[in-house]
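Per-entry structural report
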Amino acid sequence: EAASGMALLTKAVFQLRERKLAPVFGEHDPAISRRLADTPFRLQTILESWEPSFSKEAVKGREAPLRILVNTSGSGGSYSSIILERYEKEPKALG
């Protein structure tokens, strides 16, 4: 159980660092994609670049931060959830 959670956390950190969305593994029911069609969510099936989307936080020409949610649950009833955000250095002022 702990190894599974660490694997998900590691995958999330690498996605943030590389700005790439990694596909989920295994076979997927096409009905899931149809249910998500009218939402901002989708099932990630291929490796692709992670471009920031517009949000209210994107002000003054700055991108919205990249965030990822990691959920894991154990057979004993344990549940963990964490939200990670990509750190971007502030540009240095000239002068």
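**Overview of the overall build of the chain**
Broken down by element type, the chain carries 2 helices and 4 strands. Order of helices (α) and strands (β) in the chain, N terminus to C terminus: α-β-α-β-β-β. Every one of the 95 residues in the chain was classed for burial, and the buried ones make up 17%. If you take every contact in the chain between residues at least 6 apart in sequence, the share linking residues at least 24 apart comes to 46%. Accessible area for the chain stands at about 8,100 Å²; split by element, carbon and sulfur atoms hold 58% of it.

**Some remarks on the nonpolar core**
Within the largest apolar cluster, 8 residues are counted, these being Ala12, Leu16, Leu21, Trp50, Leu66, Ile68, Val70 and Leu84. Among the secondary structure elements, those contributing two or more residues to this core are helix H1 (2-18) and strand S3 (67-73).

**Things to note about the environment of Leu21**
Looking at the element boundaries, Leu21 is found in strand S1 (residues 20-21). For the pair Leu21 and Glu48, spaced 27 residues apart in the sequence, the C-alpha separation amounts to 5.4 Å. Beyond its immediate stretch of four places on either side in the chain, Leu21 contacts Gln15, Arg42, Gln44, Ile46, Leu47, Glu48 and Trp50.

Cut-offs and rules
- Residues numbered from 1 in each chain as written.
- Predicted model: local features only at pLDDT ≥ 70, side-chain atom pairs only at ≥ 80, totals over all residues.
- Heavy atoms only, no water.
- Helix = DSSP H or I, 4+ residues; strand = E, 2+ residues; numbered from the N terminus.
- Buried < 20%, exposed > 50% of the residue type's maximum accessible area, 1.4 Å probe, protein only.
- Contact = heavy atoms within 4.5 Å.
- Areas by Shrake-Rupley, 256 points an atom, 1.4 Å probe, with all protein chains shown as cover.
- Core = buried A, V, L, I, M, F, W, Y, C linked by side-chain atoms within 4.5 Å.

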